[in-house]
Amino acid sequence: MKTLVWVEHDGQSVKDATYAAITAAGKLGEVELLVAGQGVDGVAQTAAQIAGVAKVLVADDAAYAHNLAENVAPLVVELMGSHDAFVAAATTTGKNIAPRVAALLDVMQISEILSVEGPDSFTRPIYAGNAIATVKTSDAKLVLTVRGTAFDKAEATGGSAAVEAVTSTGDKGVSKFVGAEIAASERPELTSAKIIVSGGRALGSEEQFHALIDPLADKLNAAVGASRAAVDAGYAPNDYQVGQTGKIVAPEVYIAVGISGAIQHLAGMKDSKVIVAINKDEDAPIFQVADVGLVGDLFTVVPELTAKL
Ligand SMILES: Cc1cc2nc3c(=O)[nH]c(=O)nc-3n(C[C@H](O)[C@H](O)[C@H](O)COP(=O)(O)OP(=O)(O)OC[C@H]3O[C@@H](n4cnc5c(N)ncnc54)[C@H](O)[C@@H]3O)c2cc1C
């Protein structure tokens, strides 16, 4: 089986989640990568060095400069004439492109796969991760998104794939890039951080969220996350949200501060290696998944913990 993996990049480096998608694709057979963008020679060279990759297809055109799904999907569909499967990481952008590809190919998408059970069988979470379904498809072409935390990352070096230019399918003219407001942060990125400190509704305000969570995160060189309640209340930006409708993370250590542990939150972090919970209610559901629990008032224990580190 020949698989086409969409490479997510920022014009310079390949995003972590793509490496996991490549591992998943490798379980299906031969792996080719698609690098679409403008001025992406460097990214194509980086991609060519990834272990296990047979070929890197490069579509260099202004139409792909901002990953507009309306332009990228028709390009993928064109290339699917010579591929059996399309694989993208289940990131915001991957989840924007893959369904369009599936619709244009008139096949189903199999979302957020956790494992490859065979050439047509995959496992994926359902009911916010409370059950795992095994899905078997009879579609001629596969369209898959991959949960990044479920697969090891492919080695960044060791490969020497051929790089080949492909013809652009151009600007479809149905969407246009207006602007991007990207939050600049010195902290590690949420989905690739080794340690995450997350705050919940209990923080009470944006000021208190930053006054308590940020210093603890800085001491640990951790990323900052938040529950949806904290995000909805405006204590933390939207891209901090961890959970079913936020980011799926699996760091070495996840510290949940003033988070109750609703299933929708657990769906995004329960695969973390060590879970630490700080909550004043000893019956809070978060303690059922926590490896280390601290029952206490966060306004006392968090500053104490930060000072001791
Ligand atoms: C379709 C759907 C999707 C959703 N997606 C997500 C998602 O992606 N992510 C997500 O997080 N949620 C999601 N939710 C919301 C989820 O159901 C919960 O409402 C939310 O996670 C609760 O956030 P919280 O734990 O911060 O707040 P709460 O549930 O209010 O918990 C606050 C906790 O803080 C504790 N506490 C209070 N004061 C203190 C103190 N002084 N010291 C220590 N502890 C204290 C309390 O004991 C309590 O356990 C979703 C819901 C739905 C319906």
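As a reminder, the structure under discussion sits directly above these lines.
Source: prediction; values computed, not measured.

A. The arrangement of helix α2 (residues 41–48) in detail. Residues of α2 that are buried: V43, A44, A47 and A48. What you see down the axis of α2 is that its buried residues fit within an arc of 140°, all on one side.

B. Here's a closer look at the site of the ligand. Around the ligand there are 25 residues in total, and R201, S227, T245, S260 and N279 lie nearest to it. Contacts to the ligand include T245, whose side-chain N or O atom sits 2.6 Å from a nitrogen atom. In the model, a nitrogen atom of the ligand is placed 3.1 Å from a nitrogen or oxygen of the K280 main chain. Those elements that place two or more of their residues in the shell around the ligand are α6 (228–232), α7 (263–269) and α9 (298–308). Among the residues making up the shell around the ligand, the classes are represented as 7 nonpolar, 13 polar and 5 charged.

C. Focus on the pattern of salt bridges. In total, this model carries 10 salt bridges according to the counting rule given. The closest approach of N and O atoms between R187 and D218, which form a salt bridge, is 2.8 Å. Taken as a pair, R187 in the loop between β10 (162–165) and β11 (195–199) and D218 in helix α5 (residues 206–220) lie far apart in primary sequence, 31 residues in all. For D218, a relative accessible area of 48% translates into the label partly exposed. A salt bridge links E252 to K273; its shortest N-O distance comes to 3.8 Å. One end of the pair, E252, is in the loop between α6 and β13 (253–257); the other, K273, is in the loop between α7 and β14 (274–279), and 21 residues separate them in sequence. Counted as one network, the salt bridges with shared partners bring together K95, E112 and R147.

D. Structural detail: the sheet that holds β10. Within the open sheet, the 7 strands sit side by side as β5-β9-β4-β1-β2-β3-β10. Their pairing is parallel. Edge positions in the sheet fall to β5 (109–113) and β10, since each of these pairs with one other strand and no more. Between one strand axis and the next, the sheet turns by 25° as a mean value, whatever way the strands run. With respect to the sheet, helix α1 (residues 16–26) is in contact with β1 (2–6), β2 (30–37), β4 (85–89), β5 and β9 (142–146), its orientation differing from that of β4 by roughly 150°. Running at roughly 150° to β2, helix α3 (residues 69–79) makes contact with β1, β2, β3 (55–60) and β4 of the sheet.

Cut-off values and rules
Residues numbered from 1 in each chain as written. Predicted model: local features only at pLDDT ≥ 70, side-chain atom pairs only at ≥ 80, totals over all residues. Heavy atoms only, no water. Buried < 20%, exposed > 50% of the residue type's maximum accessible area, 1.4 Å probe, protein only. Helix = DSSP H or I, 4+ residues; strand = E, 2+ residues; numbered from the N terminus. Arc of directions from axis to C-beta. Near = heavy atom within 4 Å. Polar contact = N/O pair within 3.5 Å; in protein donor to acceptor, adjacent residues only side chain to side chain. Nonpolar A, V, L, I, M, F, W, Y, C, P; charged D, E, K, R; others polar. Salt bridge = Lys/Arg side-chain N within 4 Å of Asp/Glu carboxyl O. Pairing = 2+ DSSP bridges. Axes fitted to C-alpha atoms, helices over the stretch in contact; angles between N-to-C directions. Contact = heavy atoms within 4.5 Å.

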